[in-house]
Amino acid sequence: MTQRINPISNRATPMATLIVIGVIALAMLWLLTSAWRTVSPGYVGIVFDKVSHKVTAQAREPGWTLINPFTQAIQEYPVTIQNYAMVQKGAEGTVAGDDSIKVQSSEGQQINLDVVIQYEVNREEAGALYQDWGGAPIETVEDRVVRQYTRSQVPVVAATYGWEEITASKRGELANKVAAALKDEFARRHLQLISFGIREVHLPEALQQALNNKIQAQQQAEQQKYQLDQAKVKAQQVQVEAEGQANALKAQASGEAQATLIRAQAQAEANKQLASSLTPELIRYQQLQRWD
């Protein structure tokens, strides 16, 4: 008895094989695309376990990196300099609205300060930063460290200065003291403070008016001092000119007197020589000449 071959069954076998191969290829493609991750420029990637959230590898540098997509994930932290501004004008600050820091001077006067902080994540401690903050993003760390510690330290240091010192003469010293305090706080939390600066000081209207009046009075005093100095210089110039003229007249008079003396001495010498040259014979001769 001749066996009959089902043509439909023969065609199904290659089709099933192709489907299996396609599924495997798609799975491999998904696995490859899921395993390859990109760390953005200016960041480091922290690889952590999805279940325990513990760091499982060293920080990855910018570029392509390979992880286990089933058990691992990656968190990025910036390692370039970051700016955080707390200012009165909302458009210029990190947080919208009036975000300036309110402080009290040693006299109890309330002042608002615009401040700017520059910091960066310590590259070698990025893994510890992730671990300490439970994988929180940099925005959370920035808010709880950079923002909160700055807003707590600035009023403490500012309270030891008078309002005029904060406004002008001691502003730099105040900023340096705040920076020293923040530097230690940041370092304990795996951040490095680059700089802290007071951009602007906002005074109440009464204090601003008092400051303007003082500045105006100082400017007037400086103008008067300048005018007095100019008057002294002019008086000295007049005195020098008068002394010069007096010395010139004195020299002229001395010269004329000296010339008169010399002429008198010459005349006397001539008369003397003339008198010594007259003899009785010469006198009689001259008389005869005149008589003749």
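See the structure shown above.
This write-up is about the structure you can find in this document.

1. Things to note about the nonpolar core
Proteins that are soluble and globular tend to have nonpolar side chains buried together.
Here's step 1: Counting 41 residues, the largest nonpolar core has Leu-113, Phe-186 and Phe-196 as the members making the most contacts within it.
Here's step 2: It is helix 3 (residues 138–158) that contributes the most residues to this core, seven residues altogether.
Here's step 3: In this structure, Phe-186 is in contact with Ile-117, Tyr-119, Val-145, Val-146, Thr-150, Leu-191 and Leu-193, ignoring residues within four places of it in sequence.

2. A word on the pairing of strand 7 (residues 110–121)
Here's step 1: Counting buried residues in strand 7 gives nine out of twelve residues, a clear majority hidden from the surface.
Here's step 2: Note: strand 5 (residues 82–86) against strand 7, five bridges, orientation antiparallel. Its bridge partner being in strand 7, Tyr-84 is matched across the sheet by Ile-117.
Here's step 3: Looking at chain direction, strand 6 (residues 101–104) and strand 7 are connected through four bridges and run antiparallel. When the bridges of strand 7 are listed, Lys-102 appears paired with Asn-112.
Here's step 4: Connecting the antiparallel pair strand 6 and strand 7 is a turn made up of five residues, with Gly-108 showing a positive phi of about 90°.
Here's step 5: Alignment of strand 7 against strand 8 (residues 191–202), held across ten bridges, turns out to be antiparallel.

3. So, a nonpolar patch on the surface
Here's step 1: On the surface, a cluster of nonpolar side chains totalling about 390 Å² of accessible area is made up of Trp-36, Trp-64 and Leu-66.
Here's step 2: Along the polypeptide, Trp-36 turns up in strand 1 (residues 36–39).
Here's step 3: Given the relative accessible area of 39%, Trp-36 is considered partly exposed.

4. Things to note about the packing of aromatic side chains
Any aromatic ring pair is given by two values, namely how distant the centres are and how the planes are angled relative to each other.
Here's step 1: Counted according to the given criterion, the structure contains one aromatic pair.
Here's step 2: Relative to Tyr-130, the ring of Phe-48 lies with its centre 4.9 Å away and its plane at 25°, an arrangement referred to as stacked. Of this pair, Phe-48 sits in strand 2 (residues 43–49) while Tyr-130 sits in helix 2 (residues 126–132), and the two are 82 residues apart along the sequence.
Here's step 3: With a relative accessible area of 10%, Phe-48 lands in the buried category.

5. Side note on the environment of Gly-97
Here's step 1: Note on placement: Gly-97 falls in the loop between strand 5 and strand 6.
Here's step 2: Between the C-alpha atom of Gly-97 and that of Val-87, which follows or precedes it by ten residues, the distance is 8.5 Å.
Here's step 3: Residue contacts for Gly-97: discarding those within four places in its chain leaves Val-87, Gln-88, Lys-89 and Gly-90.

6. Details of the pattern of salt bridges
Here's step 1: Throughout the structure, instances matching the rule amount to nine salt bridges.
Here's step 2: Salt-bridge contacts for Asp-143 lead to Arg-147; the nearest nitrogen and oxygen are separated by 4.0 Å. On the criterion of helical spacing, the pair formed by Asp-143 and Arg-147 is a turn pair, its members being four residues apart in helix 3.
Here's step 3: Taking relative accessible area as the criterion, Asp-143 reaches 34% and is therefore assigned partly exposed.
Here's step 4: Taking relative accessible area as the criterion, Arg-147 reaches 12% and is therefore assigned buried.
Here's step 5: Among the ionic pairs, Lys-177 bridges to Glu-173, the shortest N-O distance being 3.9 Å. Here Lys-177 pairs with Glu-173, and both are found in helix 5 (residues 171–188), just four residues apart, close to one helical turn.
Here's step 6: Residue classification places Lys-177 among the partly exposed residues on the basis of a relative accessible area of 44%.
Here's step 7: Where salt bridges share partners, they join Asp-99, Asp-143, Arg-147 and Arg-151 into one cluster.

Rules used throughout
- In every chain, residue numbers begin from 1 and rise along the written sequence.
- Predicted model: local features are reported for residues with pLDDT of at least 70 only, side-chain atom pairs are reported and counted for 80 or more only, and whole-chain, interface and lining totals are derived from all residues.
- Side-chain descriptors were evaluated using all non-hydrogen atoms of the structure, hydrogens and water having been removed beforehand.
- Joining through side-chain atoms within 4.5 Å is the link that ties buried Ala, Val, Leu, Ile, Met, Phe, Trp, Tyr and Cys residues into a set, and such a set is a nonpolar core.
- We call a residue buried when its accessible area falls under 20% of the maximum for its residue type, exposed when it is over 50%, and partly exposed in between, using a 1.4 Å probe and counting protein chains only.
- For the purposes of this entry, the term helix denotes a DSSP run of H or I that reaches at least four residues, the term strand denotes a run of E that reaches at least two, and both are numbered from the N terminus.
- What makes two residues a contact is simply this: any of their non-hydrogen atoms within 4.5 Å.
- A pair of strands is labelled paired if DSSP reports no fewer than 2 bridges between them.
- Patches draw on residues past 30% relative accessible area with no salt bridge. Two like charges within 9 Å are joined, as are two nonpolar side chains (Val, Leu, Ile, Met, Phe, Trp, Tyr) within 5 Å.
- Accessibility throughout is a Shrake-Rupley quantity obtained with a 1.4 Å probe, and a residue counts as covered only by protein chains that appear here.
- Whenever a carboxyl oxygen of Asp or Glu lies within 4 Å of a side-chain nitrogen of Lys or Arg, that contact is scored as a salt bridge.
- A pair of aromatic rings is counted whenever rings of Phe, Tyr or Trp (Trp by its six-membered ring) have centres within 6.5 Å, and the orientation is called stacked for planes under 30 degrees apart, edge-to-face for over 60 and tilted otherwise.

Geometry only, nothing functional implied.
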